[in-house]
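# Chain and residue survey
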Amino acid sequence: MKKFISLTIIGLLFAACGSDDSGPTEPANEAPTVPALKLPVDNKLCVDNTVSFQWDLSTDSNQDAITYQIQVAKENTFAQIAKSSEVTTNTTSIALEKNTAYYWRVKATDSKGLASTYSATFKLYTSGDAVVNHLPFSPELIQPTINSVLNTTTAILKWNATDVDATDVLTYDVYFGTTNPPTAKVAENTSSTSFDVTLSTSKEYFWKVVVKDNKGGETIGQIWKFKTN
């Protein structure tokens, strides 16, 4: 009996004095902050087609090393990337085609593979040899947002467009309908950046905008869509 009590006491002492191997819990990994674009400024006409890009450094709460991916495309959806590069600094130079509109954005990724969302998208235009006119930038959607569902019988289509040639006057052709791509031109050479449409229930609508300047330049926008209940 005494032997059993002694063994029990020794076992309790070992249990009480045993070390905790769990150690401190590491903080959960968090993505770096989203880079803020700096240069070239938005809507910039770049004289040299070798463009120097710059953005603000991201921060990482876990103090992880950060790399940056810059994407450059000829359309604002980035469906086809013209140039892409990964760097550890907040600046890089990229050779682009002359006399071309480009869109660029940057995201930050930490050493554990966790990435921020992409930055805002900036636009630029590379100058060409003896270029007289630059094409307008592709129109940008304001409303209705892509794939939204509307509970109404009317809607206002809204968009925006810019041109590096500040003196150019922009006009728009609007295509709208239930076919993809839309073929019905519902507005032509309008200077307004909005258009009212009548809708039917339970339909999917497609629309696009063609932006034109007063020097013969023309840029066809992407196809946008929404539905009605």
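Shown above is the structure to which this text applies.
What you see is a predicted model, and the numbers here were worked out from it, not measured in a lab.

## Thoughts on the overall build of the protein
The number of helices and strands found in the protein is one helix and 17 strands. Taken across its 229 residues, the protein has 38% of its residues classed as buried. Contacts in the protein between residues far apart in sequence, at least 24 positions, make up 65% of those at least 6 positions apart. If you sum the accessible surface of the protein, you get close to 13100 Å²; carbon and sulfur atoms cover 53% of it.

## A look at unusual backbone geometry
Here the residue pair L39 and P40 is connected by a cis peptide bond, since its omega of -5 degrees sits within 30 degrees of zero. Along the chain, the position of P40 falls in the loop between β1 (37-39) and β2 (44-46). The step from N180 to P181 runs through a cis peptide bond, and the omega angle for that step is 5 degrees. Along the polypeptide, P181 turns up in the loop between β12 (171-177) and β13 (185-190). A positive phi angle is found at N43, which is not glycine, with a value near 70 degrees. Considering the arrangement of structural elements, one finds N43 in the loop between β1 and β2. The phi angle at S202 is positive, at roughly 55 degrees, despite the residue not being glycine.

## Concerning the pairing of strand β7 (residues 100-110)
β7 sits mainly inside the fold: 10 of its 11 residues count as buried. The pairing of strand β4 (residues 66-73) with β7 spans eight bridges and is classified as antiparallel. From the neighbouring strand, T67 faces β7, where its bridge partner is T109. Of the strand pairs in this sheet, β7 and strand β8 (residues 122-126) are connected by five bridges, and their pairing is antiparallel. Residue pairing for β8: W104 is matched across the bridge by F122.

## Quick word on the sheet that holds β4
On the basis of which strands lie adjacent, the open sheet formed by five strands has the order β2-β8-β7-β4-β5 and mixed pairing. The open sheet has two free edges, formed respectively by β2 and β5 (81-87), since each of these has just one partner strand. In this sheet, neighbouring strand axes are inclined to one another by 25 degrees on average, regardless of whether the strands run parallel or antiparallel. Summarising the sheet, β4 and β5 pair through six bridges and their orientation is antiparallel. Residue pairing across strands places Q69 opposite E86, the latter belonging to β5.

The rules behind the values
Starting afresh in each chain, residues are numbered from 1 along the sequence in its written order. In keeping with the model being predicted, local features are shown solely for residues with a pLDDT of at least 70 and side-chain atom pairs are shown and tallied solely at 80 or more, while totals for entire chains, interfaces and linings include all residues. The side-chain values count all of the structure's non-hydrogen atoms but skip hydrogen atoms and water molecules. The helix count covers DSSP runs of H or I at least four residues long, the strand count covers runs of E at least two residues long, and both are numbered beginning at the N terminus. Each residue gets one of three labels from its accessible area relative to the maximum for its type: buried under 20%, exposed over 50%, partly exposed in between, using a 1.4 Å probe on protein chains only. Contacts are assigned to residue pairs that have any heavy atoms within 4.5 Å of one another. Working definition of accessibility: Shrake-Rupley area with a 1.4 Å probe, residue cover restricted to the visible protein chains. Should DSSP find at least two bridges between two strands, the strands are taken to pair. Lines fitted to the C-alpha atoms define the axes, with helices restricted to the stretch that makes contact. Angles between their N-to-C directions range from 0 to 180 degrees.

Without other data, these values stay purely geometric and don't point to any function.
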